[in-house]
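# Examination of the molecular architecture
The primary structure of each chain is shown beneath.
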Amino acid sequence: MDFENLLITDIRLALQVLFKQTLDYAAISLQKTRKEFEGDYTLVVFPFTSFSKMPPEKTAELIGQYLLANAPMVEKFNVIKGFLNLSLKQHLWSSFFKSAVSEPGFGFCPVDESLDAIVLEYSSPNTNKPLHLGHVRNNLLGSSLAKILHANGKPVVQVNLVNDRGIHICKSMLAWQTWGNGETPESAGLKGDHLVGKYYVLFDQYLKAEIEEMVAQGIDRESATKNASLMKKAQEILMKWEAHDPDTLALWRMMNQWVYTGFNDTYNRMGVSFDETFFESNTYLLGKEIIEEGLDKGVFFRKPDHSVWADLTSDGLDEKLLLRGDGTSVYMTQDLGTANQRYEKFSPSSMIYVVGNEQNYHFDVLRFLLKKLEKDWWEKIHHFSYGMVELPEGKMKSREGTVVDADDLLQEMYNVAKSTTEDLGKAGEAQSDELSKLYWTLALGALKFFILKVDPKKNMMFNPQESIDFNGNTGPFIQYTHARIKSLLSKATERNLDSNEELSIEYQFHSIELNLLRFTYDFPNTVKQAGNALSPAVIANYVYDLAKEYNHFYQEVSVLREEDASIRSFRLTLSSLVASIIKKSMSLLGVEVPERM
RNA sequence: GGCUCCAUAGUUCAAUGGAUAGAACAGAUGUUUCCUAAACAUCAAAUCCAAGUUCGAUUCUUGGUGGAGCUACCA
């Protein structure tokens, strides 16, 4: 049931008859009527005055008259300046309502497994420190995108590429060897990722101290950084690792295992999961063959020191290193390799990388390189570039301890959920495990909604004070609305107020009911729009507006106290539809909604 | 220096080129013998500057100003 398209068809006909003009669908600007005016849809007639040769009001009036006489959907119209406001016949809304209520999958498309999958990479953490707020945005965006794409009928493979090797990990290993005294997560009572992160920070502190000492002795800072003994030792470990030294590998495996256990806790708590996990230790050698291929094709070139480069200056970019003089690969080499591997393994319809906007340049280069190599699938690569998370104090820097740790943040949100609930006296007599589940639901709802409601492309400010707010434009506000509706529905059942009779909607809708109905009508389109724009924020803004409109309705009209059984039944069913849309929308954001709170 | 992105109430966020620029928080005020007041209602408050395109610009173009990111033989 697509009111807009049907209306546009009628409008095109009207323009043909009245003005002998045939316009494209896209040339007709039909929008939802703003709240303060009467009507369902508004036609902007300014563009038509060029051929109507009449003032906008007159043009709108003529079209309105024509539609009233010839378009069966149109009940009435009014004209304000160049805006033609059209009201639909109420039976259209009634029949939409009935079909929406009877369709459990309303708004969602079933996944079409015959389509090629979309490979969605996100999270992709380093294993030298715990997850922080930046990862949280990444993880939440990634898992929400997967759900939104699913709801649009697209098969998705969620992929995590864990960066489990490299100099940064060797730093943690060295520090643990040197100062750890055999400490383990169990003995320290720390999550594994936090323990490893602790040694990473420790390394940095000792390194800084060493460098300062060298500088004090008159060595310049640059060579001090390069020649510091700690740095050298870390590099030695990296070389041993690459030479498959058994002791080094054993240490590496043990510490990485600690980290994975810690990450899994955090992922589970956040409700994030993957279909496939790849490790860079298995993929970091990929890509060298592609470089050879590029050399053969003459699109890359070798410098006298044997390093391999691509010249992208004609594309407005720089020269880019692809292989070092000693033949070892760099980040880009690996990424070419993993992209190729991924393409061959999944033959995907597209490959989406959820990676921060600080890497825009990197992905531009990646696409250009693949294009130059005549890999015709370069166009399938999409960098989902999201903005950075800023704190009131400025940028987060893990080494300077100005990060917001993901686990700490979740715990903090939990504590706020608990104390707020207790302050409001709503804890009641529920079991403690039930309450604990509720607090997690609220804590995660608040955090996820706070982060996902912002346009992903934009940098966002994370103010801890505001993120724990449970009033206004927040997750708990929407969760509360859902709980309220559920309570209403169960009371109706208790008091035998819900009727099993077929819905009959013959009375004139209250304007608030009609507004609410219009919101529910928008749900399927909102899901599509969010899928096309790859934007959870579209869903978040929609569901907030819906919840707000429902609360308005709840305040203004009575449901259970309504005496007319058919009106009461309509309002209950409408409430139930709103609850199910809230639940579905929030599920796209990875947020659960409680039955009571 | 070069390239890219951003700029909207005090603050954090909205607005396919369309009507009087929406919300929330913070501020002021009001609503519970009545379906959950984690709610609702009222008031006050904003498009960085200057040109241009257009019937119409927060939105598009150009130039300023201010902020962020990138510009590694790190990953």
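The coordinates are above.
Right, let's walk through the structure included here. The numbers attached to residues start from 1 for each chain and follow its sequence in the written order. For this description, chains carry letters from A and ligands carry numbers from 1, given in the order in which they are written. Only residues with pLDDT of at least 70 are given local features in this predicted model, and only at 80 or more are side-chain atom pairs given and counted; all residues enter the totals for whole chains, interfaces and linings. With hydrogens and water set aside, each side-chain value is computed from the structure's full complement of heavy atoms.

## Notes on the packing of aromatic side chains
Stated formally: Two rings from Phe, Tyr or Trp (for Trp, the six-membered ring) form a pair when their centres are within 6.5 Å of each other. A pair whose planes differ by under 30 degrees is stacked, one over 60 is edge-to-face, and the rest are tilted. Here a helix means four or more residues in a row that DSSP labels H or I, a strand means two or more in a row labelled E, and each is numbered from the N terminus. With a 1.4 Å probe rolled over the protein chains alone, any residue whose accessible area is under 20% of its type maximum counts as buried; one over 50% counts as exposed, and the rest are partly exposed. Think of it as a cone above the ring: NZ of Lys or CZ of Arg counts as a charge over the ring if it is within 6 Å of the ring centre and within 35 degrees of the ring normal.
Across all of its chains, the model carries 30 aromatic pairs by this definition. A ring pair is formed by tyrosine 353 and phenylalanine 363, whose centres lie 5.1 Å apart and whose planes are at 55 degrees; its orientation type is tilted. With a gap of 10 residues between them, tyrosine 353 in strand 11 (residues 350-356) and phenylalanine 363 in helix 15 (residues 360-372) connect regions that are remote in the sequence. Take tyrosine 353 and phenylalanine 363: they sit in the same class, and that class is buried. Through a chain of ring-to-ring contacts, the aromatic side chains of Phe3, Trp93, Phe96, Phe106, Phe108, Tyr521, Phe523 and Tyr542 assemble into a single cluster. Taking the ring centre of tyrosine 284 as reference, the NZ or CZ of arginine 165 above it sits at 4.0 Å.

## Structural notes on the sheet that holds strand 5 (residues 118-121)
Keep this limit in mind: Here the rule is simple: two strands pair whenever DSSP picks up at least two bridges between them. An axis is simply a line fitted to the C-alpha atoms; with a helix, the fit covers only the stretch in contact. Between two such axes, the angle follows the N-to-C directions and lies from 0 to 180 degrees. Here, residues are in contact when the closest pair of their heavy atoms is within 4.5 Å.
Here 5 strands make up an open sheet; going across it, the order is 7-6-5-11-12 and the pairing parallel. Of all strands in the sheet, those with a lone pairing partner are strand 7 (276-279) and strand 12 (381-386), marking the two edges. Geometrically, the sheet is characterised by an average inter-axis angle of 25 degrees between neighbouring strands, direction not taken into account. Relative to strand 12, strand 11 runs parallel, the two sharing 6 bridges. Bridging across to strand 12, isoleucine 352 finds its partner in histidine 382. The sheet contacts of helix 15 involve strand 11 and strand 12, and relative to strand 12 the element is tilted by about 175 degrees.

## Considerations on the pairing of strand 11
Looking along a regular strand, one sees side chains alternate from face to face of the sheet. So the rule is basically this: Crossovers are marked right-handed if the path from the first strand over the helix to the second runs clockwise, as seen with the strands pointing away from the viewer.
With 7 of 7 residues buried, strand 11 is to be regarded as a mostly interior element. The alternating pattern of strand 11 places Ser350, Ile352, Val354 and Gly356 and Met351, Tyr353 and Val355 on opposite faces, both of which are buried. Across 4 bridges, strand 5 lies against strand 11 in parallel orientation. From the neighbouring strand, valine 119 faces strand 11, where its bridge partner is methionine 351. Following the chain from strand 11 across helix 15 to the adjacent parallel strand 12, one finds a crossover that is right-handed.

## Quick word on the protein's contact with RNA strand B
Formally: Here, proximity means that at least one heavy atom of the residue falls within 4 Å of the molecule or strand. Contacts described as polar in this section are N or O atom pairs within 3.5 Å, which, within protein, must combine one atom able to donate a hydrogen with one able to accept it, while residues neighboring in sequence count only if both atoms come from side chains. Three classes are used, and their members are as follows: Ala, Val, Leu, Ile, Met, Phe, Trp, Tyr, Cys and Pro are nonpolar, Asp, Glu, Lys and Arg are charged, and the others, Gly among them, are polar.
The environment of RNA strand B is formed by 63 residues, the closest being Asn163, Asp305, Tyr480, Lys491 and Arg561. The sugar-phosphate share of atoms of RNA strand B within 4 Å of the protein amounts to 64%. Lysine 81 is positioned such that a nitrogen or oxygen atom in its side chain is 3.0 Å from a phosphate oxygen of RNA strand B. Counting only elements with at least two residues in the surface near RNA strand B, the list comes to strand 2 (41-44), strand 4 (83-88), helix 14 (331-346), helix 16 (406-423), strand 14 (460-461), helix 19 (475-494) and helix 21 (536-556). The dominant element in the surface near RNA strand B, judged by the number of residues it contributes, is helix 19, at 7 residues. Of the residues in the surface near RNA strand B, the class split is 26 nonpolar, 19 polar and 18 charged.

## Quick notes on the pattern of salt bridges
Rules: Any carboxyl oxygen of Asp or Glu within 4 Å of a side-chain nitrogen of Lys or Arg constitutes a salt bridge here.
Throughout the structure, instances matching the rule amount to 24 salt bridges. Where arginine 34 meets glutamate 36, a salt bridge forms, and the shortest distance between an N and an O atom there is 3.4 Å. Classification of arginine 34 by relative accessible area gives exposed; the value is 56%. The exposure class assigned to glutamate 36 is exposed, which follows from its relative accessible area of 54%. Glutamate 276 is paired through a salt bridge with lysine 345; the nearest N and O atoms lie 3.4 Å apart. Of the two residues, glutamate 276 is situated in strand 7 and lysine 345 in helix 14; the sequence distance between them amounts to 69 residues. Of the residues examined, glutamate 276 reaches a relative accessible area of 26% and is grouped as partly exposed. Using a relative accessible area of 48% as the deciding quantity, one classes lysine 345 as partly exposed. It is possible to trace a salt-bridge network through shared partners that takes in Glu293, Lys297, Glu374 and Lys375.

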